[in-house]
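# Residue-level structure breakdown
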Amino acid sequence: MKAIPSIMSTVTDLPAHHATTRKILAAAGEIILGKDAQLKQALACLLARGHLLIEDLPGVGKTTLAHVLARLLGLEFQRIQFTSDMLPADIIGVSVFERASGTFQFHPGPIFAQLILADEVNRATPKAQSALLEAMEERQVTSEGITRALPQPFFVIATQNPSHQIGTFPLPESQLDRFLMRIELGYPDKAAERALLAGVDRRTLLAGLPPLLQANQLQQLQDATSAIHASPALIEYVQALAEYTRHSSHFSNGLSPRATLGLLAAARAWALLEGRPHVLPEDVQAVLPGIVAHRLHAGGELGGLRGDALGKHLIEAVPLP
Amino acid sequence: MFKRLLNSLLKRWRRKPAVQAPALTLAQSWWLFAAASAALLPLVEHIPLWLSLTAATGMAWRAWLIWRAGRLPPRWLLFVFVVAACVAVAIQYRGLFGRNPGLALLVIFMALKLLELRSVRDGITVILLACFLLLSGFFFNQSIAAALMAGAALIVVIAALLSLQAGPLPTPRQQLQHSALLLAQALPFMLVLFVLFPRVQGPLWGLPQDAFGASSGLSESMAPGSISQVVQSDAIAFRVRFKGTPPPPQQLYWRALTLNDYDGINWRYRATPERTDLPYSAEGRSIEYEVTLEPHNQRWLFALETPGQLPPDSSFSSDQLILANTPVRTRLRYEMVSYPDFRPDAEESPRRLREALRLPDGVNPRTRAVAEGWRQQYRSDAEILQAAMTFFQQRILAYTLSPPLMRDNAVDAFLFEHKRGFCEHFASAFTFALRAAGVPARVVGGYQGGEINPVDGYFTVRQFDAHVWVEAWIQGRGWVRVDPTADSAPRRIDGGLRTAVTGEEAELPLLARENYAWLREVRYRLDAVANAWNQSVLGFGPQRQRDMLSKLGMPEPDWKQMTAWLASLCGVLLLGFTLFALRQRVRTDEVTRLWQTFLRRLARRKLDLPGWMGPDTLANHAAAQLPQHAKAIRAIAASYVALRYEHSPSTEQLAAFKAHIDRFKP
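First, a word on what this report is: a plain description of the structure on this page. (Residues numbered from 1 in each chain as written. Chains lettered and ligands numbered in written order. Predicted model: local features only at pLDDT ≥ 70, side-chain atom pairs only at ≥ 80, totals over all residues. Heavy atoms only, no water.)

## Some thoughts on the overall build of chain B
To keep things clear, this is the line we draw: Here a strand is any run of E in DSSP of at least two residues, a helix any run of H or I of at least four, and the numbering for each starts at the N terminus. Each residue is assigned to one of three classes by its accessible area relative to the maximum for its type, calculated with a 1.4 Å probe on protein chains only: buried under 20%, partly exposed between the two thresholds, exposed over 50%. By definition in these notes, contact holds between two residues if any of their heavy atoms fall within 4.5 Å. All accessible areas in this document rest on Shrake-Rupley with a 1.4 Å probe, and a residue is counted as covered only by the protein chains that are shown.
Scanning chain B from terminus to terminus reveals 24 helices and 18 strands. Looking at the 666 residues of chain B, the share that counts as buried comes to 45%. Long-range pairs, those at least 24 residues apart, make up 72% of the contacts in chain B between residues at least 6 apart in sequence. Here chain B displays about 34500 Å² of accessible surface, and carbon together with sulfur accounts for 59% of that area.

Next up, the structure:
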């Protein structure tokens, strides 16, 4: 049962939750070197019950990140490698006629897991992509007229190669909006890369990783996140940001209400990761770039501004109310 | 069939509730225990000792269980207790219905309910029961002290309710303060409801069958010694407020009843025909006053001679008594006007005059002989009356509180042997003598005198002011008041009882004694307070309510108008409280204004602090650029964060924020 956040609700046991998240981040940081900020954003995204899009070149550790999170959080993990000849049934599952019983038996596809790594999602055709994206939004799949609920929690990490590569079908904007955050991993810095090269194989480390969360504990963390207090002043700030994107001539489209809801949820998660029972504008600013990067397209004099730079522009353009 | 029903009932009884109700915490249990104790304690004086002890045992058991975290007794045992208690109460009171057995059962149930207190829901039951018990205390006592005590107990009960609903506060003191604050907020509503809620006629608390069952005071018969018993009490009989200067004490003969039938020992009241209007219309000098009568469970109302009007719901008897239509069982207030110089037409039915001459045969032969001598010596009744008065003066009779016992031929014994007596001896002997002489006469009972309370100007007439005197029928003049006591003990009439009986103070009620002036002073004050309470709170009936509302500009208040006023006043109060509560909340615009002041002061130092910075970021930047003010800047930013972004900031934080900014002068 989902906790209903009310005006009276306050986060109980915040220090314990904060300690848990810190342990998770520390453990993940030992495997994925030099990417602490991205790890924190990924965790915030998950606590805010959102899906994550990682966009970067092959081989920078996108898959490892998904793996690490799944193991540390004790989630059931499935990886779906998207290819151009993929069909929705390959994701959702198929009904097969069984001779012995004379009935159709549903064979669930790889999507029936708690944490899905949708690898190279932009390699598949829009048809296959939409099967995944609908499941992300509804948290249930419909196949042959029967609706089946997906496991709880349900969290998708999709990776996408830069769309200028050959043989890709870039996700349309409407689909992108369903990812709460988009992050880039980037190349490791010098020190991290040296440690990576000198150290043990990441996959070996991964295998020895113990889960840090019990069953239900992730849910408790998520409930605690939604109980973090967002004051009227803070909500005003979120509104001011959205308002700016909607009226500024620099952007073709503004932030959708789904985006502002996501922004607030992610800011709450960030506050929890900081161990604070209330959201500050700083929390909003910390998660903002990840949330707006795949939703806004800067034009005009800002033309070509992408990713974190875009987020930074937005933050600096909107004064605190 | 029956067995199945029984089984299903048993099953239901044993079955645990499907959803476990929230269990009580330790602190909540203690609070409920305190609430039950507070509700039971004032009742101890109204219930039998065994009941108090039983309840105390149950309470102590529960306290021990809370303390040792022990297991509650099983349900069947409690069931046995309930049955046993009901039987015991039924035996004690010979039944289970009525005020006293009902209260006894509630007391038992309260103690037993504590023993099955498991969940918050049970706790609510205890609270409701406690409230009911608190109210039931008013069946017995409605004094200010009782009200204050109930109020104090209510604070404890509400504190317990708060601990159930909002969770216990850290200290009992805070809990009680919280509760008292809530109740204080209810006070204005209480006042509005008190004034405007439509009143019904009759007692608020009295139960018909046993209200004021035993009242002291005058009774319908008088035997030697009965009045001297009445005067042992200093209880208040009635209070009077005169409009204008009170008449002198010699005129304060409060007539109540006549005693006509004499059997040799007792004088008895005999009912006479009644009418609902006065047979005369009085004129002359008038005395206006208002009487507040304590309930005496009799019909007669007190008035000075000669009453010029009848109070509502009363009638006038042919022996000039004012009788209420029903016995006075609640405090009664009525307006009266008397015409002291007016005498109604001197006519009396022959039958009544015959009755006023009737005497038993063979008693008091010596007095009879003397009286028959007057009859032969004098021609007119007036002369005989004069002779009788002279005779009584010459006997030199002593007025005393402790006359010797006179049983047979009491009048003879009083007049010729002991020569000592109290007012009933005087009146009885005088009436006997007049009747023996052929003059129609009757004994009149009532109160004489009274005492003015200098604190509030009320005239208080107490039981020890009870008095009897004589009325004689004189042709052409009507019934004439004669007080034989006045001749022997004139100070009784002028100065009250305490001046009349010197050397016998020890036998007088405390308040009637002369030499405890300071005590009387204290009593005057307490009495004035109690009277104010009686007049304005307990005596606030439909009539008073109408008077008050018409003074407030509602000339003809009906219940619709009153309800409308009630609702609108409560609405206004509610609005007021809401506005007050809203003002108590931190005003965000003020927070922003102060923050802007802070930012302006920083801007004067030409710092690079863009508007998009969050308060923490901004504080860090500013502190880095102004290291000497770093501490103040961080403190201000922390207060600002608390006020603007935290959950329910307090007004104290705002004050601290303001103080920080006032002090911040970079």
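Still more to cover.
## What to know about the pairing of strand β7 (residues 146–149) of chain A
Sheet faces and side chains relate simply in a regular strand, where the side chains alternate between the two faces. Our working definition: Pairing between strands is defined by DSSP: at least two bridges between them are needed.
Pairing between strand β6 (residues 140–143) of chain A and β7 of chain A: four bridges, direction antiparallel. Its bridge partner being in β7 of chain A, Val141 of chain A is matched across the sheet by Arg148 of chain A.

## As for the interface of chain B and chain A
Heads up, the condition is: As used here, buried area is the combined drop in accessible area, with a 1.4 Å probe, of two parts when they are placed together. Basic side-chain nitrogens of Lys or Arg form a salt bridge, by our definition, when they fall within 4 Å of a carboxyl oxygen of Asp or Glu. Side-chain atoms alone can form a polar contact between residues adjacent in sequence; in general such a contact is a pair of N or O atoms within 3.5 Å, and within protein one must be able to donate a hydrogen while the other accepts it. Each residue gets one of three labels, nonpolar for Ala, Val, Leu, Ile, Met, Phe, Trp, Tyr, Cys and Pro, charged for Asp, Glu, Lys and Arg, and polar for the others, Gly among them.
With twelve residues of chain B at the contact, the number on the chain A side is 20 residues. Counting each side, the surface lost to burial between chain B and chain A is near 1400 Å², with a carbon and sulfur contribution of 57%. It is Trp612, Tyr645 and His647 of chain B in chain B that bury the most area against chain A; as a group they hold 55% of the surface buried on that side. Applying the counting rule to chain B against chain A returns zero salt bridges. Joining chain B to chain A, the criterion identifies six residue pairs in polar contact (both at pLDDT 80 or more). Mapped onto the side of chain B that touches chain A, the elements with two or more residues apiece are α22 (615–625) and α23 (630–645) of chain B. A class-by-class count of the residues in the side of chain B that touches chain A yields five nonpolar, four polar and three charged.

## Brief notes about the pattern of salt bridges
This model, assessed by the stated rule, comprises 28 salt bridges over all chains. In this structure, Glu137 of chain A and Arg258 of chain A form a salt bridge, with 3.1 Å as the shortest nitrogen-oxygen distance. With a gap of 121 residues between them, Glu137 of chain A in helix α5 (residues 126–138) and Arg258 of chain A in helix α11 (residues 257–273) connect regions that are remote in the sequence. On the basis of relative accessibility, which here comes to 33%, the residue Arg258 of chain A falls in the partly exposed class. Linked by salt bridges that have partners in common, Asp261, Arg270, Arg351, Arg352 and Glu355 of chain B make up one network.

## Details of a nonpolar patch on the surface
All names here are of chain B. How we decide: Residues forming no salt bridge and having over 30% relative accessible area are the ones grouped into patches, like charges within 9 Å of each other and nonpolar side chains (Val, Leu, Ile, Met, Phe, Trp, Tyr) within 5 Å.
Residues Leu26, Trp30, Trp64 and Trp67 make up a contiguous nonpolar surface patch of roughly 510 Å² in combined accessible area. Those elements giving two or more residues to the nonpolar patch turn out to be α2 (26–40) and α3 (49–68). Relative to the assigned elements, Leu26 resides in helix α2. The exposure class of Leu26 is exposed, given its relative accessible area of 53%.

## What about the sheet that holds strand β5 (residues 267–268) of chain B?
Residue and element names in this part refer to chain B. Here three strands make up an open sheet; going across it, the order is β1-β5-β4 and the pairing antiparallel. For this open sheet the edge positions go to β1 (221–222) and β4 (261–262), each flanked by a neighbour on one side alone. Bridge analysis of β1 against β5 gives two bridges, and the strand direction is antiparallel. Paired with Ser221 across the strands is Arg268, a residue of β5.

## With respect to the environment of Arg148 of chain A
Residue and element names in this part refer to chain A. Relative to the elements of secondary structure, Arg148 occurs in strand β7. Sequence spacing of Arg148 and Ala271 is 123 residues, and the spatial spacing of their C-alpha atoms is 34 Å. Leaving out residues up to four positions away in the same chain, Arg148 has contacts with Phe106, Phe112, Gln140, Val141 and Ser143.

## As for the sheet that holds strand β7 (residues 287–293) of chain B
Residue and element names in this part refer to chain B. Test applied: Every axis corresponds to a line fitted to the C-alpha atoms, with the helix fit spanning only the stretch in contact, and the corresponding angles, defined between N-to-C directions, vary from 0 to 180 degrees.
The antiparallel open sheet is built from five strands, whose spatial order is β11-β7-β2-β16-β15. If you trace the sheet from one side to the other, it starts and ends with β11 (332–338) and β15 (451–452), each paired once. Pairing between strand β2 (residues 236–243) and strand β16 (residues 459–462): four bridges, direction antiparallel. Looking at β16, one finds that Arg239 is bridged to Thr460. Each of β2, β7, β11, β15 and β16 touches helix α18 (residues 517–538); the most contacted strand, β2, lies at about 80° to it.

## Let's talk about empty space enclosed by the protein
Residue and element names in this part refer to chain B. Put simply, the rule reads: The way it works is a 1 Å grid over only the protein atoms, where trapped points that fit a 1.4 Å probe form a cavity and open points with protein on both sides within 12 Å along at least five of seven lines form a pocket, and then any residue with an atom within 4 Å of a point lines it. Grid points are joined across faces, edges and corners, and a volume is the space filled by probe spheres set on the points.
Tallied over the entire structure, the rule returns three cavities of 30 Å³ or more. Its boundaries defined by the atoms lining it, the largest cavity holds a volume of some 100 Å³. If you go around the largest cavity, you meet 14 residues; those closest to its centre are Pro224, Ala410, Glu424, His425 and Ser428. Of all the secondary structure elements, the ones that give two or more residues to the lining of the largest cavity are α13 (410–418) and α14 (423–436). Among the elements that make up the lining of the largest cavity, the one with the highest residue count is α14 (four residues). For the lining of the largest cavity, a count of residues per class yields ten nonpolar, three polar and one charged.

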